[in-house]
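If you want the building blocks of each chain, they are given just below.
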Amino acid sequence: MKMNSQESITVLQYLALINQVSYVNVCRAAGITPQQFSDWVKKRRPVPKERLQSLAEYFKIEANLLIDEKN
């Protein structure tokens, strides 16, 4: 996949990439649907506060790292 300099990946995309996990596995572990995850990755919607903690626990990071102030 070729990206131009204005495109960037989201934190969720990056975490899945570096942890070598599929989006489906993340969804199963966090109890979310693939559509929800897709919406968050594509920045159609922000990650709801009630989901931040489960994602943070899955990736073993602080929940505040998943918050995008622009979205």
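Above: the structure in question.
Predicted, not measured: the structure shown is a model, and the values here were computed from it. (Residues numbered from 1 in each chain as written. Predicted model: local features only at pLDDT ≥ 70, side-chain atom pairs only at ≥ 80, totals over all residues. Heavy atoms only, no water.)

Now for the overall build of the protein. When you go through the protein residue by residue, the secondary structure sums to four helices and zero strands. Listed N to C, the secondary structure of the protein is α-α-α-α in terms of helices and strands. Within the protein, buried positions represent 28% of all 71 residues. In the protein, the share of contacts with a sequence separation of at least 24, taken over all contacts with a separation of at least 6, comes to 48%. As displayed, the protein offers around 5,400 Å² of accessible surface, 50% of which is attributable to carbon and sulfur atoms. (Helix = DSSP H or I, 4+ residues; strand = E, 2+ residues; numbered from the N terminus. Buried < 20%, exposed > 50% of the residue type's maximum accessible area, 1.4 Å probe, protein only. Contact = heavy atoms within 4.5 Å. Areas by Shrake-Rupley, 256 points an atom, 1.4 Å probe, with all protein chains shown as cover.)

Looking only at helix α3 (residues 34-41), the buried set comprises Phe37, Ser38, Asp39, Trp40 and Val41. Buried residues along α3 sit against α1 (11-18), α2 (23-30) and α4 (49-59). After α3 finishes, the residue Lys43 shows a positive phi value of roughly 60°.

Here the focus is unusual backbone geometry. Leaving glycine out, the prevailing phi sign among residues is negative, and the prevailing peptide bond configuration is trans. Positive phi outside glycine occurs at Gln20, with the angle close to 50°. Taking relative accessible area as the criterion, Gln20 reaches 73% and is therefore assigned exposed.

Another point: the packing of aromatic side chains. According to the stated counting rule, one finds two aromatic pairs in the structure shown. Centroid distance Tyr23 to Phe37: 4.8 Å. Interplanar angle 55°. Geometry classified as tilted. Here the residue Tyr23 occupies a position in helix α2, and Phe37 occupies one in helix α3, the gap between them amounting to 14 residues. A residue is classified by how much of its surface remains accessible, and Tyr23, at 37% relative accessible area, is partly exposed. Taking relative accessible area as the criterion, Phe37 reaches 1% and is therefore assigned buried. Centroid distance Tyr58 to Phe59: 4.9 Å. Interplanar angle 85°. Geometry classified as edge-to-face. (Phe/Tyr/Trp six-rings, centres within 6.5 Å; stacked < 30°, edge-to-face > 60°.)

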